[in-house]
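Overview (structure and organization)
Next come the chains, spelled out residue by residue.
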Amino acid sequence: MHDSFRGGTAYTRGRYVPVAEASVSPLDWAFTRSDVVYDVVHVFENGFFRLVDHLDRFEASMRARRLAPPETREEMAAILHRCVALAGLRDSYVAMVALRGRPRIAGSRRIEDCDNHFMAYAVPWIDVIPKDVQARGAHLWVASRPRVPDASVDPTVKNYQWSDLTSGLFEAQDHGADSAIVCDEAGFVTEGPGFNVFVVKDGDVRTPDRGSLHGITRRTVLELCGAMSLKASVAPIHRDDLEGADEVFLATTAGGVMPASRVNGTIYGNDRPGPISLRIKEAYWQMHRDGLHRTEVIRDM
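Now for a look at the structure at hand. Everything numeric here is computed off the predicted structure, so don't read it as measured data. (Residues numbered from 1 in each chain as written. Predicted model: local features only at pLDDT ≥ 70, side-chain atom pairs only at ≥ 80, totals over all residues. Heavy atoms only, no water.)

**A look at helix H8 (residues 275-289)**
What sets the pattern is the α-helix's 3.6 residues per turn: residues three or four places apart point alike. The cut-off we apply is this: We count a stretch as a helix when DSSP gives it H or I for four or more residues in a row; a strand needs E for two or more, and each element gets its number in order from the N terminus. By this rule, a helix spans an expected 1.5 Å times one less than how many residues it contains. Per-residue accessibility, obtained with a 1.4 Å probe over protein chains only, is compared with the maximum for each type, and a residue is labelled buried under 20%, exposed over 50%, and partly exposed between these values.
The terminal C-alpha atoms of H8 lie 21 Å apart, and with 15 residues this matches the ideal 21 Å at 1.5 Å per residue to within 8%. Every buried residue of H8 is accounted for by Ile276, Ser277, Ile280, Lys281, Ala283, Tyr284, Trp285, Met287 and His288. Immediately beyond the C-terminal end of H8, within one or two residues, lies Gly291, with a positive phi of roughly 80 degrees.

Here it is as structure tokens:
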């Protein structure tokens with residue numbers, strides 16, 4: 001590892017550079033139109049977790065948005081390995097990004113005039129809810145502004161349209177909360193800024209059936225619930241169900257399974273993470289320690 005890569009490594013336009021030096025043209029439609037899709041995989045103790053699943057979802061997102069960078073899937077995977085290796089990271093947040101590009105013809109509004117391109121980067125591990133906050137349980141705020149409708153922006157295609165999620169973060173900050181939960185126009189729970197939401201009631205685990213990314217951690221939680229003989233489902237969750245829940249927890253690649261202890265004025269249990277949330281969290285990390293779904297980082301490429 002070169003010292004210049006210590007803070008993270010990025011791949012852009014065929015070159016590996018320190019992440020702080022990576023850039024996107026102000027004329028790139030990824031910047032001007034948020035015409036971009038991405039995915040994030042994490043590295044735990046020198047191994048990618050569910051890399052194949054993340055690459056599958058990334059490919060599906062690119063197809064949905066008609067993005068076709070020149071790199072093959074195999075080349076993209078190799079680039080991710082190289083970014084982690086150059087940064088010298090054992091635990092890492094690793095992103096893959098497909099961008100529309102800038103028009104070859106100045107001022108063109110034709111999508112086909114843009115050359116799509118691929119970027120990637122590896123930076124030190126990120127927890128969207130800090131570990132000390134996870135330990136006492138996240139305090140969440142239900143945003144008053146609704147989620148952009150699924151019919152307008154498909155939430156299953158991982159994208160940088162975060163205006164509604166960021167507005168939710170503004171509200172959470174204003175109310176002294178750690179993060180936000182966003183509902184749709186009808187008052188049904190969707191997701192939060194960078195995470196899926198789960199509720200636990202009478203031992204049953206549910207996650208929203210709308211407005212949400214089909215998270216890889218979400219999928220892992222549902223699989224773990226099956227293995228633990230916990231009833232789990234993807235189903236409608238109204239915001240009123242949050243008040244009546246026994247537990248709430250969050251799930252994301254950037255932090256794993258993260259229990260909550262408060263939502264708005266509702267305090268769960270003894271104002272600490274709930275027992276089922278903690279069981280699932282422990283099982284999730286045990287899966288990592290056992291090496292399930294692991295792809296060893298290649299460092300001698």
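That covers the picture; the talk isn't over yet.
**What to know about the sheet that holds strand S2 (residues 15-18)**
Heads up, the rule is: Following DSSP output, two strands are said to pair if at least two bridges run between them. An axis is simply a line fitted to the C-alpha atoms; with a helix, the fit covers only the stretch in contact. Between two such axes, the angle follows the N-to-C directions and lies from 0 to 180 degrees.
The strand order S2-S1-S6-S5-S3-S4-S16 describes an open sheet built from 7 strands, whose pairing is antiparallel. The sheet is open, and its two borders are formed by S2 and strand S16 (294-296), each paired with just one other strand. Adjacent strand axes in the sheet meet at a mean angle of 25 degrees when their direction is disregarded. Here strand S1 (residues 9-12) runs beside S2; their pairing, made up of 4 bridges, is antiparallel.

**Here we look at the pattern of salt bridges**
Let me state the cut-off plainly: A side-chain nitrogen of Lys or Arg and a carboxyl oxygen of Asp or Glu constitute a salt bridge if their distance falls within 4 Å.
Inspection of every chain in the model, using the stated rule, returns 21 salt bridges. Between Asp209 and Arg210 there is a salt bridge, with the nearest N and O atoms lying 2.8 Å from each other. It is possible to trace a salt-bridge network through shared partners that takes in Arg104, Arg110, Glu112, Asp113 and Asp115.

**A few points about the packing of helix H2 (residues 51-64) against helix H3 (residues 73-87)**
What counts, and what does not: Should an angle lie under 35 degrees it is considered roughly parallel, over 145 roughly antiparallel, and from 65 to 115 roughly perpendicular; all remaining angles are considered oblique. Throughout, a crossing is termed right-handed when the near helix is turned clockwise from the far one, and left-handed when it is turned anticlockwise from it by less than a right angle. We call two residues in contact when some of their heavy atoms are within 4.5 Å. Three classes are used, and their members are as follows: Ala, Val, Leu, Ile, Met, Phe, Trp, Tyr, Cys and Pro are nonpolar, Asp, Glu, Lys and Arg are charged, and the others, Gly among them, are polar.
Closest axis-to-axis distance for the H2/H3 pair is 11 Å, and the angle between their directions is 125 degrees. By the angle class used here, H2 and H3 are oblique. Helix-helix and strand crossings are classified by hand; for H2 and H3 the assignment is right-handed. Contacts from Leu51, Val52, Leu55, Asp56, Phe58, Glu59 and Met62 of H2 reach H3 at Arg73, Met76, Ala77, Leu80 and His81. When the residues that make up the contact of H2 with H3 are grouped by side-chain class, the tally is 8 nonpolar, 1 polar and 3 charged.

**Re the pairing of strand S7 (residues 138-142)**
Note the threshold: Crossover handedness is defined by viewing with both strands directed away from the observer: a clockwise path from the first strand over the helix to the second marks the crossover as right-handed.
Burial analysis of S7 places 5 of its 5 residues in the buried class, the great majority of the element. A two-sided burial pattern is seen for S7, the buried positions comprising Ala138, Leu140 and Val142 on one face and His139 and Trp141 on the other. Bridge count for S7 against strand S14 (residues 256-263) is 3 bridges, and the pairing is parallel. Paired with Leu140 across the two strands is Val263, which belongs to S14. Where S7 meets strand S8 (residues 179-183), 3 bridges bridge the pair, whose relative direction is parallel. Paired with Trp141 across the bridge in S8 is Ala180. A crossover connection joins S7 to the parallel S8 through helix H5 (residues 163-174); in handedness this β-α-β unit is right-handed.

**Considering the nonpolar core**
Short version of the rule: Residues belong to one nonpolar core when they are buried, are Ala, Val, Leu, Ile, Met, Phe, Trp, Tyr or Cys, and are joined through side-chain atoms within 4.5 Å.
Residues Phe48, Phe58, Leu80, Val84, Val94 and Phe118 are the most contacted members of the largest nonpolar core, which totals 26 residues. Among the elements of the structure, strand S3 (36-44), H2, H3, strand S5 (92-99) and strand S6 (117-124) are those that each provide at least two residues to this core. Tallying contributions element by element places H3 first for this core, with 7 residues. Formed by 20 residues, the second largest nonpolar core is a distinct cluster that contains Leu140, Val199, Ile237 and Leu250.

**Quick look at the packing of aromatic side chains**
Rule in force here: Whether two aromatic rings pair depends on their centres lying within 6.5 Å, for rings of Phe, Tyr and Trp, where Trp uses its six-membered ring; planes under 30 degrees apart make the pair stacked, over 60 edge-to-face, and the rest tilted.
Summed over the entire model, instances satisfying the criterion amount to 10 aromatic pairs. Centroid distance Phe44 to Trp285: 5.6 Å. Interplanar angle 40 degrees. Geometry classified as tilted. Taken together, the positions of Phe44 in strand S3 and Trp285 in helix H8 put the pair 241 residues apart, joining distant regions of the chain. Grouping residues by exposure puts Phe44 and Trp285 together as buried. An angle of 55 degrees between the planes, with centres 6.2 Å apart, marks the rings of Phe58 and Phe118 as tilted. Residue Phe58 is found in helix H2, and its partner Phe118 is found in strand S6; the two are separated by 60 residues along the sequence.

Purely spatial values, then, with no claim about function.
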